[in-house]
Amino acid sequence: MKYEIFTIRLNPFKGESLTGFLIRLANVNGMNLIQLIKMISDRTTHYFQKEDKLLLDFNPSSVINCNTLSNFTCKDRDRIFLCSFYFVLKRFCGDRKIEHARIMAGMIREDFYYCPLCIREEKHHKLLWRIKRINYCIIHNTKMIECCRNCNRKIKYKDMININSCPYCNHTFCSLSMETVSDEELEEQKSLWSTWEFLVKLTDSYNPPTELAMKMLYVLNESDIFDKKKIECNLNDKGKYSTLLQHARGSLSQFRALHLDFILNIVFEFDISIQDLLNIQVPECFRSQIVTKTPLKNNTVACLAPWCQSFGEEGSLVKSGTSVKIKKNGRINKYYLFCNSCGCEYAFDENNKLLERTYFIKCYNEVKSLSDEIHLRNLEIKTGLSMEQIKRCFAYYRTRDVLSWDIIGEEVIVQPSTLNDIIMALKQKEKLNIIKKWNCFKNYTEYLTYRYHQDIVTILQHKYSKHKKVKQEVRNIEKVNEILKEMFTKDESITILSVCTKAGISPETARLWGWNTFIAHDKKNQKLKRELDRKNECYQLVDELLERSNRRITSEEIYRHLGVGRTVLWRFAPEVTSYITNRLKGHNKFTGEDMWNYHTKGE
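Numbering of residues starts from 1 in each chain and follows the order in which that chain's sequence is written. Under the rules for a predicted model, residues below a pLDDT of 70 receive no local features and side-chain atom pairs below 80 are neither given nor counted, while totals for whole chains, interfaces and linings still include all residues. No hydrogens and no water enter the side-chain calculation; it runs on all heavy atoms of the structure.

**Comments concerning the overall build of the protein chain**
The secondary structure listing takes helices from DSSP runs of H or I that are at least 4 residues long and strands from runs of E that are at least 2 residues long, numbered from the N terminus. Looking only at helices and strands, the protein chain features 29 helices and seven strands. Against the 2.2 N^0.38 benchmark of 25 Å for 603 residues, the protein chain shows a C-alpha radius of gyration of 38 Å, more extended than a compact globule. Reported as C-alpha extents along the three principal axes, the dimensions of the protein chain are approximately 125 × 65 × 50 Å. Only protein chains enter the area calculation, which uses a 1.4 Å probe; residues under 20% of their type maximum are buried, those over 50% are exposed, and those in between are partly exposed. For the protein chain, the residues scored as buried account for 41% of the 603 residues in total. Whether two residues are in contact is decided by their heavy atoms: any pair within 4.5 Å suffices. Sequence-distant contacts, at least 24 apart, represent 61% of the contacts inside the protein chain between residues at least 6 apart. By the counting scheme adopted, Arg and Lys are positive, Glu and Asp are negative, and His together with the chain ends is not counted. Think of each charge as sitting on NZ of Lys, CZ of Arg, CG of Asp or CD of Glu. If the 93 positive side-chain charges of the protein chain are averaged to one point and the 74 negative ones to another, these points end up 3 Å apart. Note on method: radius of gyration uses C-alpha positions; expected globular size equals 2.2 Å times residues raised to 0.38.

Below, the structure written as structure tokens:
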């Protein structure tokens, strides 16, 4: 394809915005900015609209064909990209689709801020004037102007047509009435300018989110030894800590870059430069502490019973369904475990020390330390256990051949048929208190022998290891339906919080009462109704505007009349934007010369 070359070709100023450069280029070549952009845009993939001006300084490729502009102006593509935030996006997003990048969301101004002295001296708009945090000109030590000095209107970037004058009243920007700034404010702004001047520089380097998050964690940690509490304290937000950790470990389900505002907040908080952050070499010892996942507690401990086949074998204990319990004496037991092999039960105390919840090991150690057999009463004194606990211990030992002698002095034979009956009863959710009363047991000792048999203990432990699901019972249905009906009729926004506020309950109570399903259903219906009402309102407003007007109307006037941008409306109601386009074409075709002919023939 043969490219035209502009009659007058300009060079971009250092630090100039692409929008400002294109305005200057259009003006000196006898056209307006819209005409110029239509010449260099790729109409096969994108139809340029006025709102797209806002994207020129963000990522030019999403609006114009940079190769075409490069050929028209005889300027290198990189020189064009330097007039935008393209290299900022490339630095943190790499070669991915940077037009969809959200790392600068909320950081770029849509209103025009400027320094009159800079415009008077250099006749161009600086790219960094678009950054929301930058409010001062460090060249002239003055505060930037945020509205026209003549009409006092805020100037929208999308309305800019000239470098040196207001698009609304044509008043010059070169007013000399300026507001000076303090040294402290100026120093802060100089740091901002320095940071952004580095970020917009030409670069091929890419800082992956995983590596960047690792460096940020290292800065927040302030030492080579990983300290979670220190990082959370410096961040003052546990949610941000989790986000950084996920990025550093690469455990996110899909690619996501860190927001630039978040990165810069840490840079300024810790008084380091962005260059220093990007160049930090994270020690391998710190990196390994972040990447290596903390092992589960049950994988770091082993069964303490000497007779157990899993004795000393780490990872042999199984987590039960209980996470924490506070005892009557105030002590806390947490992370309940049991051994699949021998049935001993454990928990961690407040100091993360493993404790036996059963008393089989304690009793065993005391009995083994005795030289001779001992009477039950004396054993009670020796071990500190109750008589009932000792009886249970020996019932446990009896079926496992743990000790060579038995405290009851008589043999208890386990009948397979009786054992099987107990197992079947437990599987059918029969309670132990009922089983204990069965006539098949000669005495309490025999019952305990079956109760602490390995097979019975295993069934009971696995039964209680399952987390109990709270059965959700729907309550007060009439009340929630009444509240929802009232809010729907009055068009009050339906949310869990708003419904709970009216009901005088907490969101957790609403969930337990089973209200969430009802709220979600009516919330969805309310959203659909609001969208339908908004569409009908748009149709009506468009018809009214066109019917009472006998002149040509632009699409901008219509969307301003509707109070909504075209892109926003198109997202939820594309049929309405299509209707507007067709009605506008028909109306404008009937106005102007056609309207004049119509009236002439009528006369």
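**A closer look at the environment of Leu 419**
Tracing the backbone shows Leu 419 in helix H18 (residues 416–427). The spacing of Leu 419 and Pro 116 is 303 residues in sequence and 95 Å in space, taken between C-alpha atoms. Among residues more than four places away in sequence, those in contact with Leu 419 are Val 414, Tyr 450, His 453, Asp 455 and Ile 456.

**Comments concerning the nonpolar core**
Note on soluble globular proteins: their nonpolar side chains tend to be buried together. Joining through side-chain atoms within 4.5 Å is the link that ties buried Ala, Val, Leu, Ile, Met, Phe, Trp, Tyr and Cys residues into a set, and such a set is a nonpolar core. If you look at the biggest cluster of nonpolar residues, it comprises 95 residues, and the most contacted ones within it are Leu 22, Phe 85, Met 104, Trp 129, Trp 196 and Leu 260. With eight residues, helix H9 (residues 209–221) is the single largest residue contributor to this core. In this structure Met 104 touches Phe 58, Phe 85, Val 88, Leu 89, Ile 131, Trp 196, His 259 and Leu 260, once residues within four positions along its chain are discounted. In terms of nonpolar packing, the next biggest core, distinct from the first, is built from 44 residues, Tyr 335, Cys 344, Leu 419 and Tyr 447 among them.

**Quick notes on the state of the cysteines**
To count as a disulfide, a pair of cysteine sulfur atoms needs to be within 2.5 Å. Throughout the structure, instances matching the rule amount to zero disulfides. Between Cys 74, a free cysteine, and Cys 66, which holds the nearest cysteine sulfur, the sulfur-to-sulfur gap is 16 Å.

**What to know about H18**
One less than the number of residues in a helix, times 1.5 Å, gives the span that helix is expected to have. For H18, spanning twelve residues, the distance from its first C-alpha to its last is 16 Å, which sits close to the expected 16 Å at 1.5 Å a residue. Along H18, the residues classified as buried are Thr 418, Leu 419, Ile 422, Ile 423, Ala 425 and Leu 426. All buried residues of H18 lie within an arc of 165 degrees about the axis, which places them on one face of the element. Turned more than 90 degrees off the buried face of H18, the exposed positions are Pro 416 and Lys 427. An arc is given here, and it is the one of the directions from the helix axis to the C-beta atoms.

**Re the packing of aromatic side chains**
Two descriptors summarise a pair of aromatic rings, namely the distance from one centre to the other and the angle between the planes of the rings. What counts as a ring pair is set by centres within 6.5 Å for rings of Phe, Tyr and Trp (its six-membered ring), and what kind of pair is set by the plane angle: stacked under 30 degrees, edge-to-face over 60, tilted for all other angles. One pass over the structure, following the stated rule, counts 26 aromatic pairs. Note on Tyr 335 and Phe 348: the rings are 6.0 Å apart at their centroids and 65 degrees apart in plane angle, and the pair reads as edge-to-face. One end of the pair, Tyr 335, is in strand S5 (residues 332–339); the other, Phe 348, is in strand S6 (residues 345–348), with 13 residues separating them in the sequence. Each member of the pair, Tyr 335 as well as Phe 348, carries the same accessibility label: buried. Relative to Tyr 452, the ring of Phe 360 has its centre 5.9 Å away and its plane inclined at 80 degrees; by these criteria the two rings are edge-to-face. One end of the pair, Phe 360, is in helix H15 (residues 360–368); the other, Tyr 452, is in the loop between helix H20 (444–451) and helix H21 (454–465), and 92 residues separate them in sequence. Among the residues examined, Tyr 452 registers a relative accessible area of 7% and is labelled buried.

**Some words on helix H14 (residues 284–291)**
For an α-helix, the turn length of 3.6 residues means that residues three or four places apart are oriented alike. Phe 286, Arg 287 and Ile 290 are the residues of H14 that are buried. Projected onto a plane normal to the axis of H14, the buried residues spread over an arc of 100 degrees and lie on a single side.

**A look at the pattern of salt bridges**
We define a salt bridge as a side-chain nitrogen of Lys or Arg found within 4 Å of a carboxyl oxygen belonging to Asp or Glu. For the structure shown, the criterion picks out 23 salt bridges. Here Glu 388 makes a salt bridge to Arg 392, at a shortest N to O gap of 2.8 Å. Of this pair, Glu 388 and Arg 392 both sit in helix H17 (residues 387–398), separated by four residues, roughly a single helical turn. According to the relative accessible area criterion, Glu 388 is partly exposed, its value standing at 30%. One connected set of salt bridges, linked through shared partners, spans Glu 211, Glu 284 and Arg 287.

**A word on a negative patch on the surface**
Taken together, the side chains of Glu 179, Glu 184, Glu 185 and Glu 188 make up a negatively charged region of the molecular surface. Inspection of the secondary structure puts Glu 185 in helix H8 (residues 183–199). Exposure remark for Glu 185: the relative accessible area of 35% places this residue in the partly exposed category. A patch is a set of surface residues, each over 30% in relative accessible area and not in a salt bridge, joined within 9 Å for like charges and within 5 Å for the nonpolar side chains Val, Leu, Ile, Met, Phe, Trp and Tyr. We get accessible surface area from the Shrake-Rupley algorithm with a probe of 1.4 Å; when it comes to residues, only the shown protein chains can shield them.

**So, the environment of Lys 154**
Relative to the assigned elements, Lys 154 resides in the loop between strand S2 (142–143) and H8. Overall, Lys 154 belongs to the partly exposed group, its relative accessible area being 40%. The sequence separation of Lys 154 and Tyr 168 amounts to 14 residues, and the corresponding C-alpha distance is 9.8 Å. Beyond its immediate stretch of four places on either side in the chain, Lys 154 contacts Asp 111, Tyr 113, Glu 146, Cys 147 and Tyr 168. Contacts described as polar in this section are N or O atom pairs within 3.5 Å, which, within protein, must combine one atom able to donate a hydrogen with one able to accept it, while residues neighboring in sequence count only if both atoms come from side chains. At a separation of 3.0 Å, a polar atom in the side chain of Lys 154 contacts the side chain of Glu 146.

**Brief notes about the pairing of S6**
A pair of strands counts as paired when DSSP detects no fewer than two bridges linking them. Two strands pair when backbone bridges link them, and S5 and S6 are joined in this way by three bridges, in the antiparallel orientation. Across the sheet, residue Phe 338 finds its bridge partner in S6, namely Glu 345. Between S5 and S6, which pair antiparallel in sequence order, lie five residues; one of them, Gly 343, sits at a positive phi of approximately 90 degrees. The pairing of S6 with strand S7 (residues 354–356) spans three bridges and is classified as antiparallel. Each residue of the ladder has a partner; that of Tyr 346, found in S7, is Glu 356. Taking the residues between adjacent antiparallel strands as the criterion, S6 and S7 are bridged by five residues, where Asn 352 takes a positive phi near 60 degrees.

**Examining the packing of helix H22 (residues 477–489) against helix H25 (residues 516–547)**
Where helices are involved, their axes are fitted lines through C-alpha atoms of the stretch in contact, as for all axes, and angles between N-to-C directions lie from 0 to 180°. Their axes nearest at 11 Å, the elements H22 and H25 cross at an angle of 15 degrees. Classified by the angle their axes make, H22 and H25 are roughly parallel. For the pair H22 and H25, the crossing hand works out as right-handed. Taken together, the residues of H25 that come into contact with H22 (itself represented by Ile 477, Val 480, Asn 481, Leu 484, Met 487 and Phe 488) are Phe 518, Ile 519, Asp 522, Asn 525, Gln 526 and Lys 529. When its residues are assigned to classes, the contact of H22 with H25 shows seven nonpolar, three polar and two charged. Oblique is the label for any angle not covered by the other classes, which are roughly parallel (under 35 degrees), roughly antiparallel (over 145) and roughly perpendicular (65 to 115). Crossings are sorted by hand: turned counterclockwise from the far helix by less than a right angle, the near helix makes the crossing left-handed, and turned clockwise it makes it right-handed. Note on residue categories: nonpolar means Ala, Val, Leu, Ile, Met, Phe, Trp, Tyr, Cys or Pro, charged means Asp, Glu, Lys or Arg, and polar means any other residue, Gly included.

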